[in-house]
Amino acid sequence: MEKLKTVKKECKIEFEEKKSKFIGYVKPVFSKEEAEDYVKYIKSIHSDATHNCSAYKINNNGLEFFKVDDDGEPSGTAGKPMGDIINYMGVTNLVVVTTRYFGGIKLGAGGLVRNYAKTAKLTITEAEIVDFVYKIDLIFEIPYEKLGELEKLLKDYEAEIIEKSFLEKIIFKVKINKQFYDSLENYPYINLLDI
């Protein structure tokens, strides 16, 4: 199976074309809901924009979701070119939103297609393309004396710590890769808690 690619981080770029201002946003996401929420969020911070066009592609355990939205631009001139760039660059599990403030000079269909594609390409490039690693959400507890050892493990396996609570024992909420998950039995002090 070929390795999936995604973007490393959330990013924003902007440029001007014939007085129209284009602002591109990209964010790594793991579900259709997360993608839709991000589109709504960008629309809320740019509610005065002429258009907030979007494209996202999600691969969730082999289930693929792909959606493009022209948000009022002529059909096929905004969302589709952004979606084409996502496919051309071979990335998934991301959402791209382009906010456009019209500057008074019409760009024409070709100009729109070029600039929406350019925005997606610049934004994805800026966010850095990386191998997609499927992460598993886990909650577990460990005794205090194992904290140093566990923190080294989490760093070695590039786990993402969502939160930790210092109670009777230390409770961690993390996102880990499958490799770490498969090796958990080697660490008997890690006590998994049901979510």
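Each remark here, short or long, concerns the structure printed above.
Here's what I pulled together on the structure shown here. Quantities reported herein were computed from a predicted structural model and do not represent experimental measurements.

What counts, and where the lines are drawn
The numbering scheme is per chain: residues are counted from 1 as the chain's sequence reads. For this predicted model, a pLDDT threshold of at least 70 governs which residues receive local features, and a threshold of 80 or more governs which side-chain atom pairs are given and counted, while totals over whole chains, interfaces and linings are taken from all residues. Note that the side-chain values use all heavy atoms of the structure and ignore hydrogens as well as water. Remark: nonpolar core denotes a set of buried residues (Ala, Val, Leu, Ile, Met, Phe, Trp, Tyr, Cys) joined through side-chain atoms within 4.5 Å. Buried residues are those whose accessible area, probed at 1.4 Å on protein chains only, stays under 20% of the maximum for their type, while exposed residues exceed 50% and partly exposed ones sit between those limits. In DSSP terms, a helix is any run of H or I states spanning at least four residues, a strand is any run of E spanning at least two, and both are numbered starting from the N terminus. By definition, residues are in contact when any of their heavy atoms lie within 4.5 Å. Expected span, for any helix, means 1.5 Å times one less than how many residues it has.

## Side note on the nonpolar core
One recurring pattern in soluble globular proteins is that nonpolar side chains are buried together.
In step 1: Among the nonpolar cores identified, the biggest contains 23 residues, and Val-26, Met-82, Ile-86, Leu-94, Val-96, Tyr-116 and Ile-124 are the most heavily contacted of them.
In step 2: Mapped by element, the contributors of at least two residues to this core are β2 (11–17), β3 (20–28), β4 (51–60), α2 (79–89), β6 (94–101) and α3 (108–127).
In step 3: Ranked by residue count, the leading element in this core is α3, at six residues.
In step 4: Residues contacting Leu-94, with those up to four places away along its chain left out, are Val-7, Val-26, Lys-27, Pro-28, Val-29, Ala-55, Tyr-56, Lys-57, Ile-86 and Ile-124.
In step 5: In this structure, Phe-140, Leu-154, Ala-159 and Val-174 belong to the second largest nonpolar core, which totals 19 residues.

## Structural notes on α3
In step 1: Relative to the 28 Å expected for 20 residues at 1.5 Å per residue, α3 spans 29 Å between its end C-alpha atoms, a close match to the ideal helical length.
In step 2: For α3, the complete set of buried residues consists of Gly-111, Leu-112, Asn-115, Tyr-116, Ala-117, Thr-119, Ala-120, Thr-123, Ile-124 and Ala-127.
In step 3: Glu-128, located one to two residues past α3, shows a positive phi value of around 70 degrees.

## Quick look at unusual backbone geometry
Trans peptide bonds make up most of the peptide bonds, and negative phi angles are found at most residues other than glycine.
In step 1: Non-glycine residue Lys-19 carries a positive phi angle of around 70 degrees.
In step 2: With respect to the element layout, Lys-19 can be found in the loop between β2 and β3.
In step 3: Positive phi, normally seen in glycine, also occurs at Glu-128, with a value near 70 degrees.
In step 4: Mapping Glu-128 onto the fold places it in the loop between α3 and β7 (129–131).

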